[in-house]
Amino acid sequence: MFTEVVTDPTETRPARPVTEATVVTYLHRARRRAYQIEPLLNGGCIVRFRQAAHGGTPRPWQVTLTPQTPADPTADDLAALRLIADAGTASSATSDDYALPVLQAGTHQIPPAQAERLTAQGFLTEGADGGLHLTLSARLTLLAAAHARMDGTDRDLSWCACGMAAYGPNADRVAAVRSAHLTAAAGVLVDALGGATD
């Protein structure tokens, strides 16, 4: 489950719960309409767009989608999520090294305590095949980590963790370049999600 908060030009509306399926549908719609999508490390995202009310001038809107238990991933959590993403699935398995079951992701074993952290943060869900798969929250967290902002001393330059450099004549232009980059990266994820697109 996620929590949705809509901020329109005049107010912030009360938070409401929404399902992961609803968020997937919303992201497809945002992608189709070329809205800005910013993944967040907590497993959520922010969608920004401009919309006119009653035929007026378009004004900025923002929809913040946050997991009901926001994630707080460590570097070890992110590393484990990448292993599962690379393997496509994980499964519970016994190990000679641990008394408790581990998560087997390809040829890698994720220790019990680490597996417990991933589960507690809502990063794993059981699929129809019986395997453990990454949730939407996990995918958004990985995307946010892969494209974390790394600023230098120059206000006209911003680096992305993926290696992209955003240049511009001023901070606003740099922010616009970075936003377009994030939205494009999020679009790849949304296209891969499948699900409803209405």
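Quick notes on the rules
Residues numbered from 1 in each chain as written. Predicted model: local features only at pLDDT ≥ 70, side-chain atom pairs only at ≥ 80, totals over all residues. Heavy atoms only, no water. Pairing = 2+ DSSP bridges. Helix = DSSP H or I, 4+ residues; strand = E, 2+ residues; numbered from the N terminus. Axes fitted to C-alpha atoms, helices over the stretch in contact; angles between N-to-C directions. Contact = heavy atoms within 4.5 Å. Parallel < 35°, antiparallel > 145°, perpendicular 65-115°, else oblique. Left-handed = near helix turned anticlockwise from the far one by under 90°.

Looking at the sheet that holds strand E4 (residues 45–51)
- Reading across the sheet, the five strands line up as E2-E1-E5-E4-E3 and stay open at both edges, with antiparallel pairing between neighbours. Strands with a single pairing partner mark the edges of an open sheet, and in this sheet they are strand E2 (16–18) and strand E3 (36–39). Neighbouring strand axes in the sheet, compared pairwise and without regard to direction, differ in orientation by 25° on average.
- Note that E3 and E4 share four bridges and pair antiparallel. Residue pairing in the sheet places Glu 38 in a bridge with Ile 46 of E4.
- Sheet strands touched by helix H1 (residues 20–32): strand E1 (2–7), E2, E3, E4 and strand E5 (59–67). Its angle to E4, the strand with the most contacts, is close to 45°.

What to know about the packing of helix H2 (residues 75–87) against helix H4 (residues 136–146)
- Packing of H2 against H4 leaves a shortest axis separation of 10 Å and a crossing angle of 115°. The angle between the axes of H2 and H4 places the two elements in the roughly perpendicular class. Relative to H4, H2 is oriented so that their crossing is left-handed. Facing Leu 78, Leu 81, Arg 82 and Ala 85 of H2, the residues of H4 in contact are Ala 138, Thr 141, Leu 142 and Ala 145.

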